[in-house]
Amino acid sequence: MIKLKHLSLAVLSAVLLSIPWITGFSFTIFISLVPLFYLKDFFLKFKRNGTFPFWVLSFVAFFIWNVVVSSFIAKVSFLSALSLWIINAFLMSLVWYLSFLYDTFSAKKASSWFLIALWISFEFLQYNWDFEWPWFTLGNSLSSSIDMVQWYQYTGVFGGSLWVIVLNIAFYSIVKIRIENQQNRIGFRIMTTLILLLIPVFISLHLKSHKVQSGSELSVLLVQPNIDPYTEKFDGLSVEEQYQRFIDLTTDYKDSTIDIIVGPETFLHRIDELELKENGHFFIDSIHSKFPESTIVIGASTFITDSFKTSKYYNSALVCSNNEVAIYHKKNLVSGVEKMPFQRILKLFGDLVFINLGGVDHFLSNETSDTIFNLNNVSIVTPICYEALFGEYCSKLINGQGALMITVTNDGWWKGTTGYQQHLELSKIRCIENGVYMIRAANTGISAIINDKGEIIKESEFGIQETIYGNIKITQADTYYSKHGDYIARMLLFLFVLLFGKWMVERKIKPH
């Protein structure tokens, strides 16, 4: 039943979905699902007999999308990447499979809302279960077009997902009218679609021109030591040489006033937290000897050993100031890399589901730690690497205060791919949602200063030793989204439960 034409449409959908992530051209996302809607309508003609062919085609589309966009994972472990691609594509195709069944067995009046509610519920799940992977949230596709999505400060990224799906439905309705040759209705549909497209853009442009009141300014220095994680971090350079490279990069600023010096994720390795708090660390002392007034924020792999000689390991950010050290532990750990998801099941596979990433050589703990730090009445939060994808989590860290986000990351594993570029682009959304600046220090790049509108003020080149010096403004994180979080996803999850319950009741009472 599946013909080459159908397979071509599935591949077309995958390509249109992938373009925003790998090229930064966002507009294809608004028609990316149109081929799938066409395939869905075509196979609905066969009723239940069309279910399996449609599921296969949707799986093909989503599998290709996953491979193209996140191929960078395979640079570290092809087996882990393949597992992730298959699982994520299966879950995505399951959403469309259930939508197909809903249209087969239920009245189609609520068909679009069932798919919208189910898809965004699935995206919400990707932020909140034990196998988190929010990279493919449809709202993320607009991260390269920040002029269009300043209203994320009200809706968060799920508002973008809702907009994307609604526009895909609207564009497909135009295609369907053309196919059915109903020319008398096409003008109204085109006008409706343009309104749905342009009104959010006009709102965004208005918000972009609105100046946010800011408070104090801080001077910052981002240090990008460019230590290759494959050839230098563990073998090619000694620890002393790595530390010296960092110190040498700060030499030109020894006479400058610097409030915050930031280094990348896991720059310091195997740090005993109790020893650090009691006796300090010679590298941090070396920086403070040159910049005694500066606060140092730097990534470290740390551990705590209890009285039973049992150690717990963490991916941490250290905030060092006035002979005091505060330590933040990464909460949202990367599945299969920093933690074992569904531990009771996957522990049977042991090291087969573990890859070394970012200097991590143990599964990590994410126990509660310090989450917010104060510098001259400014709150500093330090989401680490992958955590910059979690909007509501970052908002909870900030907690509505005048704050600065400092993200430490190591994207050196992704060289030769678009992974490090995508990661930077997605980070911009957190600034828009919360109305705050972000300082992003990356081991090999791209390091950047991003303002509260999601604009990159300064950025480094990838793969070179470099520093970024600049002044940033402290803005009050009082956006609607920062106060209310992912309320859109919760509302649509509730809608899905209602529609699903209604469907089950209808099936039960429907005569056979």
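Our subject is the structure listed above.
Presented here is an overview of the structure given in this document. Residue indices begin from 1 for each chain and proceed along its sequence in written order. Only residues with pLDDT of at least 70 get local features here, since the model is predicted, and only at 80 or more are side-chain atom pairs given and counted; chain-wide, interface and lining totals rely on the full set of residues. Note that the side-chain values use all heavy atoms of the structure and ignore hydrogens as well as water.

Take empty space enclosed by the protein next. Using protein atoms alone on a 1 Å grid, points that fit a 1.4 Å probe yet trap it form a cavity, whereas open point sets bounded by protein on both sides within 12 Å along at least five of seven lines form a pocket; residues with an atom within 4 Å of a point count as lining. Grid points are joined across faces, edges and corners, and a volume is the space filled by probe spheres set on the points. Counted under the stated rule, the structure contains three cavities of 30 Å³ or more. Considered as a void within the structure, the second largest cavity measures approximately 60 Å³ in volume. Lining the second largest cavity, in full, are Ile227, Pro229, Lys233, Pro264, Glu265, Thr266, Phe267, Asn410 and Asn443.

Another aspect to go through is the packing of helix α7 (residues 157–179) against helix α8 (residues 183–209). Here an axis means a line fitted to C-alpha atoms, over the contact stretch when the element is a helix, while the angle between two N-to-C directions is reported on a 0 to 180 degree scale. Secondary structure counts use DSSP, requiring at least four H or I residues in a row for a helix and at least two E residues in a row for a strand, with both numbered from the N terminus. Where α7 contacts α8, the axes come no closer than 9 Å and their chain directions differ by 160°. With respect to their mutual orientation, α7 and α8 come out roughly antiparallel. Every pair of crossing elements has a handedness; the one defined by α7 and α8 is left-handed. Contact with α7, carried on its side by Trp163, Val166, Leu167, Ala170, Phe171, Ser173, Ile174, Ile177 and Arg178, involves Gln183, Arg185, Ile186, Arg189, Ile190, Thr193, Leu196, Leu197, Pro200 and Val201 of α8 and no other residues of that element. By definition in this entry, angles of less than 35 degrees are roughly parallel, angles greater than 145 are roughly antiparallel, angles of 65 to 115 are roughly perpendicular, and the rest are oblique. Two helices crossing with the near one rotated counterclockwise from the far one by less than a right angle form a left-handed crossing, whereas a clockwise rotation gives a right-handed crossing. For this analysis, residues touch if any pair of their heavy atoms sits within 4.5 Å.

Turning next to the packing of helix α3 (residues 51–69) against helix α4 (residues 78–105). Put simply, α3 and α4 touch, their axes get as near as 8 Å, and they point 140° apart. Taken together, the axis directions place α3 and α4 in an arrangement best described as oblique. Helix-helix and strand crossings are classified by hand; for α3 and α4 the assignment is right-handed. Among the residues forming the contact of α3 with α4, the class breakdown is 18 nonpolar, five polar and no charged. The residue classification treats Ala, Val, Leu, Ile, Met, Phe, Trp, Tyr, Cys and Pro as nonpolar and Asp, Glu, Lys and Arg as charged. All others, Gly included, are polar.

This part takes up the pairing of strand β4 (residues 295–305). Burial here depends on accessible area, computed with a 1.4 Å probe over protein chains only, as a share of the maximum for the residue type. Under 20% is buried, over 50% is exposed, and the range in between is partly exposed. Of all eleven residues that make up β4, nine are buried, and the element is covered over most of its length. DSSP bridges decide pairing: two strands pair if at least two such bridges lie between them. Of the pairings in the sheet, the one linking strand β2 (residues 260–262) to β4 comprises three bridges and is parallel in character. For Val262, the partnering residue across the bridge sits in β4 and is Val297. Pairing between strand β3 (residues 268–272) and β4: three bridges, direction parallel. In the strand pairing of β4, Ile271 is matched with Thr302. Relative to strand β5 (residues 311–321), β4 runs antiparallel, the two sharing ten bridges. Bridging from a neighbouring strand, Ile298 pairs with Leu318 of β5. Following β4, the chain reverses through five residues before pairing antiparallel with β5; Lys309 in that reversal takes a positive phi of roughly 65°.

By themselves these figures say nothing about function.
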